[in-house]
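What the coordinates show
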Amino acid sequence: MAEKISRRKLLERSSQAIVAGGLGVYGLSGAPAEATASDHKAAARGVDYYEKLGVEAFINAAGTYTFLTASTMPPEVQAAVALAAKKPVNLMELHEATGKYLAEKLHCGGAMVTSGAAAALTLGTAACITLGDKEAMERIPTDMSGLKNEVIVQKMHRYEYDHAMRNCGVRVVEVETMEQYKSAFTDKTVMTNYFNAVEAPVGREDWIRVAHEHGVPCFNDAAADVPPISNLWNYSKMGFDLVAFSGGKGMRGPQCAGLLLGRKDLIDAARLNNSPNSNTVGRGLKVAKEEIVGMVAAVDWFLSQDDAAMEKEFRQRAQRIADQVAKIPTVKTQIFIPPIANHVPHLVINYDAARVRTSGREVMKKLREGKPRIELNPATGGGPASAGLPSSPDTIVVGVWMLQPGEDIVVGRRLREVLQGAVQS
């Protein structure tokens, strides 16, 4: 007869299994606890569900792209997430405590963990519209009567994330010059949005100054703009009222996490528009306790890093790959650092297509279909490039910062094999 098991014991066994396989068992205080015989009996090896589901993992020589599941969390962050998963807390209390902790760490008035940078943009927009008014929170986005609902954006800063603002019921007003910007403000202007990764005619300081002359808050979308580490507070100190960062990119937190930083009154209003509050535009933007703790742990981990040391390590990885392909005819390599977003060393490989008879897209396809599977940066072969990355049919771009130890040698060897195989004598 099958053993009967209580719901309580089932939950206990499930929580114990979370930390099996190297993370250890922790007591309620967070300190390691002595494992008992029942602990060992309940502990189980984690199931590789990628393998079980038939989804093949790959070597990430691309970068922190959402469609490639962004970054991998460092062991410290993984451990914090596993421990948080074991114990329930009051979600509102966790949000409040997290906000105070992060605001102090990141030198801003207020902070909150969101379900990503796009969610931060939605919640920041909602905060500027509603300013804590419960009736307004319930009315947006369908009933905007009597509410400010225009967001000014430079034409060069229009992007596919506009929808994150438009979800709140706003209308985007485009400008191209300083004169247009100054004349675009009306009694309906609720916010301005600046996309930090793309240079535009109106610079940051002037953008902030003009908006503040009209009493309008400025949002800065800096989703992929760390490192450098100091960018976590540079834009707030510059005068932006709200700043969004992705958590699953350079900070290497959970993919479905992000940060909204800025003025405390606006952060407080953003929190009111967020889950778990019902009947709000952010109800579906839920961020779990594990993701909140993981994001805080990622911030702590990231602040303990050193910009120069990270760049040195990434350069060394890029150089090891470059050395592997250096003897292939006509191949030239350079280490390239984009100016703002994804501001880390990338390896750029170029060659004469008349001698090496292949395209960047073909190289990408062969590495993706090989063993082990390798994903190159999407800019390879003229694909859609992140801001600042070079891209052309005969260009191969290798993102090195998410490679695990030893994977740079594997990537270099496979690139050499594919390119050498395409050489025409």
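Residues numbered from 1 in each chain as written. Predicted model: local features only at pLDDT ≥ 70, side-chain atom pairs only at ≥ 80, totals over all residues. Heavy atoms only, no water.

Digging into the environment of glutamine 78
Take glutamine 78: it is sitting in helix H4 (residues 75–84). For glutamine 78 and glycine 253, which are 175 residues apart along the polypeptide, the C-alpha to C-alpha distance reads 8.8 Å. Polar contacts involving the side chain of glutamine 78 include one to the main-chain carbonyl oxygen of methionine 73, which spans 2.7 Å. (Helix = DSSP H or I, 4+ residues; strand = E, 2+ residues; numbered from the N terminus. Polar contact = N/O pair within 3.5 Å; in protein donor to acceptor, adjacent residues only side chain to side chain.)

Some words on the packing of H4 against helix H13 (residues 289–303)
Between H4 and H13, whose axes approach to 8 Å, the crossing angle comes to 150°. Taken together, the axis directions place H4 and H13 in an arrangement best described as roughly antiparallel. Read as a crossing pair, H4 and H13 show a hand that is right-handed. Taking contact as the criterion, the partners of Glu76, Val77, Ala80, Val81 and Ala84 in H4 are, on H13, Lys289, Glu290, Val293, Gly294, Ala297, Ala298 and Trp301. Looking at the contact of H4 with H13 residue by residue, the class counts come to 8 nonpolar, 1 polar and 3 charged. (Axes fitted to C-alpha atoms, helices over the stretch in contact; angles between N-to-C directions. Parallel < 35°, antiparallel > 145°, perpendicular 65-115°, else oblique. Left-handed = near helix turned anticlockwise from the far one by under 90°. Contact = heavy atoms within 4.5 Å. Nonpolar A, V, L, I, M, F, W, Y, C, P; charged D, E, K, R; others polar.)

Overview of the sheet that holds strand S9 (residues 332–336)
Strands sit in the order S9-S10-S12 across an open sheet of 3 strands; the sheet is antiparallel. Of all the strands in the sheet, just S9 and strand S12 (395–399) have a single pairing partner and so form its edges. Direction aside, the axes of adjacent strands within the sheet are offset by 20° on average. As paired strands, S9 and strand S10 (residues 346–350) are joined by 5 bridges and run antiparallel to one another. (Pairing = 2+ DSSP bridges.)

Side note on the packing of aromatic side chains
Following the criterion strictly, the structure yields 9 aromatic pairs and no others. For the ring pair tyrosine 159 and phenylalanine 195, a centre distance of 4.7 Å and an interplane angle of 55° mean the geometry is tilted. One end of the pair, tyrosine 159, is in the loop between strand S3 (150–154) and helix H8 (162–166); the other, phenylalanine 195, is in strand S5 (residues 189–195), and 36 residues separate them in sequence. No difference in accessibility class separates tyrosine 159 from phenylalanine 195, as the two residues are buried. Aromatic ring contacts, followed pair by pair, group Tyr181, Phe185, Tyr194, Trp207 and Phe240 into a single cluster. (Phe/Tyr/Trp six-rings, centres within 6.5 Å; stacked < 30°, edge-to-face > 60°. Buried < 20%, exposed > 50% of the residue type's maximum accessible area, 1.4 Å probe, protein only.)

Concerning the pairing of S5
Burial within S5 is extensive, with 7 of its 7 residues counted as buried. Alignment of S3 against S5, held across 4 bridges, turns out to be parallel. Note on S5: the bridge partner recorded for glutamate 150 is threonine 189. For S5 and strand S6 (residues 218–221), the ladder comprises 4 bridges, and the chain directions are parallel. From the neighbouring strand, tyrosine 194 faces S6, where its bridge partner is asparagine 220. A crossover links S5 with its parallel partner S6, the connecting element being helix H10 (residues 204–213), and its sense is right-handed. (Right-handed = clockwise from strand over helix to strand, strands pointing away.)

Description of helix H6 (residues 117–130)
One turn of the α-helix equals 3.6 residues, which is why residues spaced by three or four share an orientation. Compared with an ideal rise of 1.5 Å per residue, which puts 14 residues at 20 Å, H6 spans 20 Å between its outermost C-alpha atoms and is within 8% of the ideal. With 13 of its 14 residues buried, H6 lies for the most part within the structure. Two residues or fewer past H6, leucine 131 is found with a positive phi of approximately 50°. (Expected span 1.5 Å × (residues − 1).)

Overview of the nonpolar core
The biggest cluster of nonpolar side chains holds 79 residues, and the ones touching the most others in it are Tyr181, Phe245, Leu259, Val398 and Leu415. With 8 residues, H13 is the single largest residue contributor to this core. When near neighbours in sequence (up to four residues on either side) are disregarded, valine 398 contacts Ala61, Ile321, His346, Leu347, Ile349, Leu376, Val411 and Leu415. Val151, Ala164, Ala244 and Leu266 belong to the second-largest nonpolar core, a separate cluster that totals 34 residues. (Core = buried A, V, L, I, M, F, W, Y, C linked by side-chain atoms within 4.5 Å.)

Comments concerning the sheet that holds S3
Strand order in this open sheet of 7 strands is S2-S8-S7-S6-S5-S3-S4, and the pairing throughout is mixed. Whereas interior strands pair on both sides, the edge strands pair on one side only; in this sheet they are strand S2 (110–114) and strand S4 (171–175). Mean inter-strand twist for the sheet, computed between neighbouring axes without regard to direction, equals 25°. Relative to the sheet, helix H5 (residues 91–105) contacts S2 and strand S8 (258–262), its axis offset from that of S2 by approximately 125°.

A few points about the packing of helix H14 (residues 307–325) against helix H16 (residues 407–421)
Where H14 contacts H16, the two axes come as close as 8 Å, and the packing angle between them is 25°. Relative to H16, H14 is oriented roughly parallel. Here the hand of the crossing between H14 and H16 comes out right-handed. Residue-level contacts link Arg317, Arg320, Ile321, Gln324 and Val325 of H14 to Asp408, Ile409, Val411, Gly412, Arg413, Leu415, Arg416 and Leu419 of H16.

A word on the pattern of salt bridges
Pairing is possible between side chains that carry opposite charge, provided their charged atoms lie close to one another. Counted by the stated rule, this structure contains 23 salt bridges. Between arginine 320 and glutamate 313 there is a salt bridge whose closest N-O contact spans 4.0 Å. Because the salt bridges share partners, they merge into one network encompassing Glu313, Arg317, Arg320 and Asp408. (Salt bridge = Lys/Arg side-chain N within 4 Å of Asp/Glu carboxyl O.)

Digging into the pairing of S10
When you tally the buried positions in S10, you get 4 out of 5 residues, the bulk of the element. The pairing of S10 with S12 spans 5 bridges and is antiparallel. By the bridge assignment for S12, leucine 347 is matched with valine 398.

So, unusual backbone geometry
For the bond from proline 227 to proline 228, the omega torsion is 5°, close enough to zero to count as cis. With respect to the helices and strands, proline 228 occurs in the loop between S6 and helix H11 (231–238). Cis geometry is adopted by the peptide bond preceding proline 276, which originates at serine 275 and carries an omega value of 15°. Note that proline 276 resides in the loop between helix H12 (264–272) and H13. One non-glycine residue, arginine 252, adopts positive backbone phi at about 60°. Locating arginine 252 in the fold gives a position in the loop between strand S7 (242–246) and S8. Among the residues examined, arginine 252 registers a relative accessible area of 18% and is labelled buried.

Function cannot be read off these values alone, since they describe shape.
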